[in-house]
2 protein chains.
Amino acid sequence: MTNTSKTATLICTEIERRIAAGAYSDGEKLSEQGLAAEFAVSRTPLREALQILQGLGHVELIPNRGAFVRRPSITRLVEMFEVMAEMEAWCVRLATARITPAQRLYLRQAATDCDKALAANNPEAYFEANGRLHGTIYEASGNSVLMEETQRMVRRLRPFRRSQLNLTGRLEASMREHDEILNAIEENEPERAAALMRAHINILSQSYDQYLAQIEGLPGHTH
Amino acid sequence: MTNTSKTATLICTEIERRIAAGAYSDGEKLSEQGLAAEFAVSRTPLREALQILQGLGHVELIPNRGAFVRRPSITRLVEMFEVMAEMEAWCVRLATARITPAQRLYLRQAATDCDKALAANNPEAYFEANGRLHGTIYEASGNSVLMEETQRMVRRLRPFRRSQLNLTGRLEASMREHDEILNAIEENEPERAAALMRAHINILSQSYDQYLAQIEGLPGHTH
DNA sequence: TCTTCGCAAGTTGTATACAATATCACCACA
DNA sequence: TGTGGTGATATTGTATACAACTTGCGAAGA
């Protein structure tokens, strides 16, 4: 994904944004010609973007028929969060046993940066540091395949995550959870770390309730 | 993947086969022009195949540079099996609680078909029935996202699975394991079912030792 | 001799033209 | 009235032409 051509990535992100925003109804057909004209590119890079979107599960490509949006239902989004929570829990369970001293430092640094960003009321910096913290845990799991799959899951959910979700309330609680997870890692308690992480992600998913309800109410949504 | 154009899928499968067979060394560059000529197609469908391969993690596409094969090391293949084993275990744990009577019947039917195929010494039929059995478990997990991700993992490992691995010895043991897993499901013991499944996949992975050693010995492999 | 700049060849990225396939309206016919 | 077939139209799939970029060689200069 990070290695894909610039144009296709941009188009892909924009279509993702639209799907998450509810601009398309579930099952709606995406016209190659129409989108190509809209983005002022030829069909070649547009088709590339559609293939990426298929890989992320956001559209379905049917041969000789075209691309059809797959807008996730509430059920499906919950399932995605469920899978991600379990993968993150698994990462941290392994990481607790395998983490290196250097990675321990990275983790604490990332946690500190989260803290600073929160104090500075800088959501962008917070999400960067938050991503770094979680990413370090994936890496510390010592299983690169698990790491990549977890990152892929994060990537899939990205368009559905609200960047501005209640900055004061939830983020502070989230930070305390980070600290507890890091403590569990340092105290070498893999099961506790995993349970805390699972709860951390699941609580996170609940913050999307409002959004989920909104998406469900949009027209054309069937499941 | 199943929804991709015929041509690209064929090319993709052939390149996968070659990577698994060790025809390319790790990091080797794949020439679009060369491969297009070889498969007697234009660069357009060939690039589509390369994008699919990137999605499966078998090549890395670097913008303006080209496609580079990512032949998995022993370590990486073990990691892939580890992830798959855990996902399958997770599926069966959920399936034990959620399976429907109809799915129970499908499972037993698939197990019977495995049995028949083994008796008839028909490996192709065995692998079909085996896939059906595992697929039904994914589906019975009740989490479609988990199901899709697990299937994707199976798909990724496919080119590295030997279709003919000792037909008499291992397959019979594999079948007994199937029966034990199905029993655990019907006796409503999710943890036992999960443990059995994890062992089932991990033992399976050990059958590839010979192959893994072979791949590792090939030239150009670095990690 | 080593470094750096610039040009040329080759490769990838994109646009466009053409071929193959699906869609849909219309008509013949029971 | 309903059903099945047929052709026009539109859309997708593929080939090809062109643009943009990378790479590697070689010359100029320190």
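No experiment lies behind these values; they were computed from the predicted model shown. (Residues numbered from 1 in each chain as written. Chains lettered and ligands numbered in written order. Predicted model: local features only at pLDDT ≥ 70, side-chain atom pairs only at ≥ 80, totals over all residues. Heavy atoms only, no water.)

A.B. asks: Please give an account of the environment of Ala97 of chain B that cites residues and values.
C.D. replies: Checked against the element boundaries, Ala97 of chain B lands in helix H4 (residues 74–98). The class for Ala97 of chain B is exposed, based on a relative accessible area of 65%. (Helix = DSSP H or I, 4+ residues; strand = E, 2+ residues; numbered from the N terminus. Buried < 20%, exposed > 50% of the residue type's maximum accessible area, 1.4 Å probe, protein only.)

A.B. asks: How would you sum up the relation of the copies chain B and chain A? Please name residues and give values.
C.D. replies: Of the transformation superimposing chain B on chain A, the axial component is 0.0 Å and the angular component is 180°, with the fit at an RMSD of 0.0 Å. Overall, the copies show the geometry of a two-fold rotation axis. If distances are taken from each C-alpha of chain B to the rotation axis, the shortest is found for Gly55 of chain B, at 3.4 Å. An overlap of 97% is found between the interface residues of chain B and their copies at the interface of chain A, pointing to a shared contact surface. (Least-squares fit on C-alpha atoms with pLDDT ≥ 70 in both. Contact = heavy atoms within 4.5 Å.)

A.B. asks: Describe the protein's contact with DNA strand D, with residues and values.
C.D. replies: Around DNA strand D sit 18 residues in total, of which Arg43 and Arg47 of chain A together with Thr7, Ser42 and Arg65 of chain B are the nearest. Counting only the atoms of DNA strand D that lie within 4 Å of the protein, the sugar and phosphate share comes to 65%. For DNA strand D, a base nitrogen lies 2.9 Å from a polar atom in the side chain of Thr44 of chain B. Side-chain polar atom of Arg65 of chain B to a phosphate oxygen of DNA strand D: 2.6 Å apart, as the coordinates give it. Looking at the surface near DNA strand D element by element, the count peaks at 3 residues for helix H3 (residues 43–55) of chain B. (Near = heavy atom within 4 Å. Polar contact = N/O pair within 3.5 Å; in protein donor to acceptor, adjacent residues only side chain to side chain.)

A.B. asks: Go over the interface of chain B and chain A with me, naming the residues and quoting the values.
C.D. replies: Contact with chain B, which involves 32 residues of that partner, is made by 31 residues of chain A. Taking both partners together, chain B and chain A bury about 2,600 Å²; carbon and sulfur atoms supply 45% of that area. Taken together, the links from chain B to chain A amount to 9 salt bridges. Ionic pairing is found between Arg156 of chain A and Glu149 of chain B, a salt bridge with its closest N-O pair at 2.7 Å. Along the contact surface separating chain B from chain A lie 12 residue pairs in polar contact (both at pLDDT 80 or more). Of all the elements, H4 of chain B adds the most residues to the side of chain B that touches chain A, at 9 residues. For the side of chain B that touches chain A, the class distribution of residues is 11 nonpolar, 8 polar and 13 charged. (Buried area = accessible area lost by both parts, 1.4 Å probe. Salt bridge = Lys/Arg side-chain N within 4 Å of Asp/Glu carboxyl O. Nonpolar A, V, L, I, M, F, W, Y, C, P; charged D, E, K, R; others polar.)

A.B. asks: Describe the protein's contact with DNA strand C, with residues and values.
C.D. replies: Neighbouring residues of DNA strand C: 18 residues in total, closest Thr7, Ser42 and Arg65 of chain A together with Arg43 and Arg47 of chain B. Atoms of DNA strand C within 4 Å of the protein belong to the sugar or the phosphate in 67% of instances, the rest to bases. Residue Thr44 of chain A places a side-chain N or O atom 3.0 Å away from a base nitrogen belonging to DNA strand C. The separation between a sugar or linking oxygen of DNA strand C and a polar side-chain atom of Lys29 of chain B is 3.4 Å. Secondary structure elements with two or more residues in the surface near DNA strand C: helix H3 (43–55) of chain A together with strand S1 (29–30) and H3 of chain B. Per-element tally for the surface near DNA strand C: the top contributor is H3 of chain A, with 3 residues. When its residues are assigned to classes, the surface near DNA strand C shows 4 nonpolar, 7 polar and 7 charged.

A.B. asks: Got a sec to walk through the packing of aromatic side chains? Specific residues and values, please.
C.D. replies: In this structure the tally under the stated criterion is 2 aromatic pairs over all chains. When the centroid spacing of 5.7 Å and the interplanar angle of 85° are considered together, the rings of Tyr126 of chain A and Phe127 of chain A count as edge-to-face. (Phe/Tyr/Trp six-rings, centres within 6.5 Å; stacked < 30°, edge-to-face > 60°.)

A.B. asks: Lay out helix H9 (residues 190–206) of chain B in plain terms, naming residues and giving numbers.
C.D. replies: Residues and elements named next belong to chain B. The first and last C-alpha atoms of H9 sit 24 Å apart over 17 residues, in line with the 24 Å expected at 1.5 Å per residue. Among the residues of H9, those classed as buried are Ala193, Ala194, Met197, His200, Ile201, Leu204 and Ser205. Buried residues of H9 fall within an arc of 135° about the axis and therefore sit on the same side. Opposite its buried face, H9 presents the exposed residues Glu191 and Gln206, each directed more than 90 degrees away. (Expected span 1.5 Å × (residues − 1). Arc of directions from axis to C-beta.)

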